[in-house]
Structure formats: C-alpha cells, structure tokens
Amino acid sequence: MSIKAEDELERALLEVRALIESTVAIHRDRSIRAQQISTVDGGYRPVLRTAAALIRGAVRTIDIVHARMPGAEEQPDRSEQAERKLIYAAAETSTVRLLTSPHLVDEDFVREQLALERPVAIRIARVPPLQALLVDGTTALVVAEAATGVRASVIQKPEVLHTLGTLFESVWRNAVPAGERIVFGDRDRAALAQQILGALRAGVTDEVAARELTVSVRTYRRHVAEIMALLGAQSRFQAGVRAAELGLLRPARQAPPGGEGVPPK
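What counts, and at which threshold
- Residues numbered from 1 in each chain as written.
- Predicted model: local features only at pLDDT ≥ 70, side-chain atom pairs only at ≥ 80, totals over all residues.
- Heavy atoms only, no water.
- Helix = DSSP H or I, 4+ residues; strand = E, 2+ residues; numbered from the N terminus.
- Core = buried A, V, L, I, M, F, W, Y, C linked by side-chain atoms within 4.5 Å.
- Buried < 20%, exposed > 50% of the residue type's maximum accessible area, 1.4 Å probe, protein only.
- Contact = heavy atoms within 4.5 Å.
- Salt bridge = Lys/Arg side-chain N within 4 Å of Asp/Glu carboxyl O.
- Axes fitted to C-alpha atoms, helices over the stretch in contact; angles between N-to-C directions.
- Parallel < 35°, antiparallel > 145°, perpendicular 65-115°, else oblique.
- Nonpolar A, V, L, I, M, F, W, Y, C, P; charged D, E, K, R; others polar.

Caption draft 1: Up close: unusual backbone geometry. At Asp136, a residue that is not glycine, the phi angle is positive and equals roughly 55 degrees. Mapped onto the secondary structure, Asp136 falls in the loop between β5 (130-135) and β6 (139-146).

Written out as structure tokens, the structure reads:
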C-alpha cells in the first residue's frame, strides 16, 4: 500500500469514528422506536458480553478490527485471552477474519490458528485506534478509544454499516497475512535489520549509516540488499513501506542511526 493510500485510509477511518460519534449523539437525544444505534455502558465486561452474543448469533461472516490506542491493553479489567475465546464460539458456518495493528499481533495466537482446520484469517495493517466487530453485514459493535475514554456502540444503521464494511474490505485487501511476517534470524541479526530499516526510513546516507553501525559501506549495502530480498521489495522505498506494513519498524520517535534526513545514495 502506498503512503498516499495509507493517509487516505487513515482519514477515512477517522471519518467513520466521527460519523459514529455524531450519530450516537443524535440518537441519545431522540426517542426512536426502531433504534439503530445503542450505546453499551458499564465498562469492559458489558462490551465483552455484547461481543459474545453477536459472535454466537453470526451465521455467515465475522470481521474484527483490533487496533487499540497504545496502553489501552494495560487496563486492569481487560483480558486478551477472554477476547480470543469469544472467537471459538462462532458457528462452523461463519468465516472469521481478524485485522490487527502491528504492535498488537499475538504470535502465539497466529501459530495456534495455523494448526487448525478452520483457522481465523489474520492480517496486519496500520490502522488508527479503533475496535470493531462486524457480523453478517447487519450489526456492528464499535469501541472507539480516545483520551477522554471509551465509547462502545451497537450499530444497525445501514449507512454506517456500509461504510465500515467497505473500509474493512479495502484495508483487508492491502494488509499483510500474519503468516508472512518476516523473520530475519537470531536476535542480533533482527536488531541489525531494525537499525538498517530505521536508517532507510530516515533517508540517511549509506556512509553515515555504516559508520553508526561500525561496518563498511560495502557490508552495509549487502545487508540492505538482503533485507530488500526478504521483503520482496524492488526499491528502498518499497522496503520501508513493506517493513511498516509488517510492523518491523520501531516507533519513529526512536531515531535511527545518523538521522540527518539526507537522501540515500
């Protein structure tokens, strides 16, 4: 996925969150007989119960977006294991897809799914903080997290469901299957690859990056070529994009070697 496409996707997802929040606000002020959006109050446990009921009632498709705000997973009343168990209550007729952000990938869960006859399809993509459960295209549970707290809503409003479904399919098509995550080798080689990817992202010269890594320029360029081959990239730019999609890059605030921002040679 190109940087432009990722930016457009992020804007679209943020628009969905704004749409949900504004629609919920409207519905709070109106008494509607056939309510299409309802809030789930009371914290994590009611949200978990609601998700369990939706999953048990699904007959065709279950699509899950798992992209929390950093630190949200540390809330004391949350349990990743409890959330994973919900998936196993799905009917055999249901196809389950899980879209998660790089920093939330559960490698044990990925390996567990690969061994199953009917595995959950798991893909990785960079998406804004949003958790959503879409069931059969008719109902969604959306948990939007912000600095002000968590807002959970059950949605049956057709236009919102259509937008969520369209965005999910768009991200899913461009996301990286979890089973294709790149393994660079032992810890030392993985750490070196992280440093080189950081240097490529910062656009420093080969000479500066090699000096910071205490290797020759020739050796540095050989490492770059090997990483590009592992990532299936035809250019350094593609390698950076692919690495970001796979969650291989450290947060940008951690400066890579010689982060002067000089274009690479």
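Caption draft 2: View of the nonpolar core. Judged by nonpolar contacts, the single largest core of 29 residues is most densely connected at Ile62, Ile64, Val96, Val120, Ile122, Leu133 and Leu141. The element best represented in this core is helix α2 (residues 44-57), accounting for seven residues. Apart from the residues lying within four places of it in its own chain, the contact partners of Ile122 are Leu98, Thr100, Phe109, Val110, Gln113, Trp172, Val176, Pro177 and Ala178. In terms of nonpolar packing, the next biggest core, distinct from the first, is built from 20 residues, Val65, Leu130, Ile155 and Val171 among them.

Caption draft 3: Spatial organisation of the pattern of salt bridges. This structure, assessed with the given rule, holds seven salt bridges. Here Asp206 makes a salt bridge to Arg221, at a shortest N to O gap of 2.8 Å. Of the two residues, Asp206 sits in helix α7 (residues 206-213) while Arg221 sits in helix α8 (residues 217-231), which places them 15 residues apart along the sequence. Taking relative accessible area as the criterion, Asp206 reaches 0% and is therefore assigned buried. Note that Glu207 is salt-bridged to Arg221, the shortest N-O span being 3.5 Å. On the criterion of sequence distance, the pair formed by Glu207 in helix α7 and Arg221 in helix α8 is long-range, its members being 14 residues apart. On the accessibility criterion, Arg221 (37% relative accessible area) is partly exposed.

Caption draft 4: Fine view of the packing of α7 against α8. Put simply, α7 and α8 touch, their axes get as near as 9 Å, and they point 100 degrees apart. Classified by the interaxial angle, the pair formed by α7 and α8 is roughly perpendicular. Residue-level inspection shows Asp206, Glu207, Ala209, Ala210 and Leu213 of α7 in contact with α8, the latter providing Val217, Tyr220 and Arg221. Split into classes, the residues belonging to the contact of α7 with α8 amount to five nonpolar, no polar and three charged.

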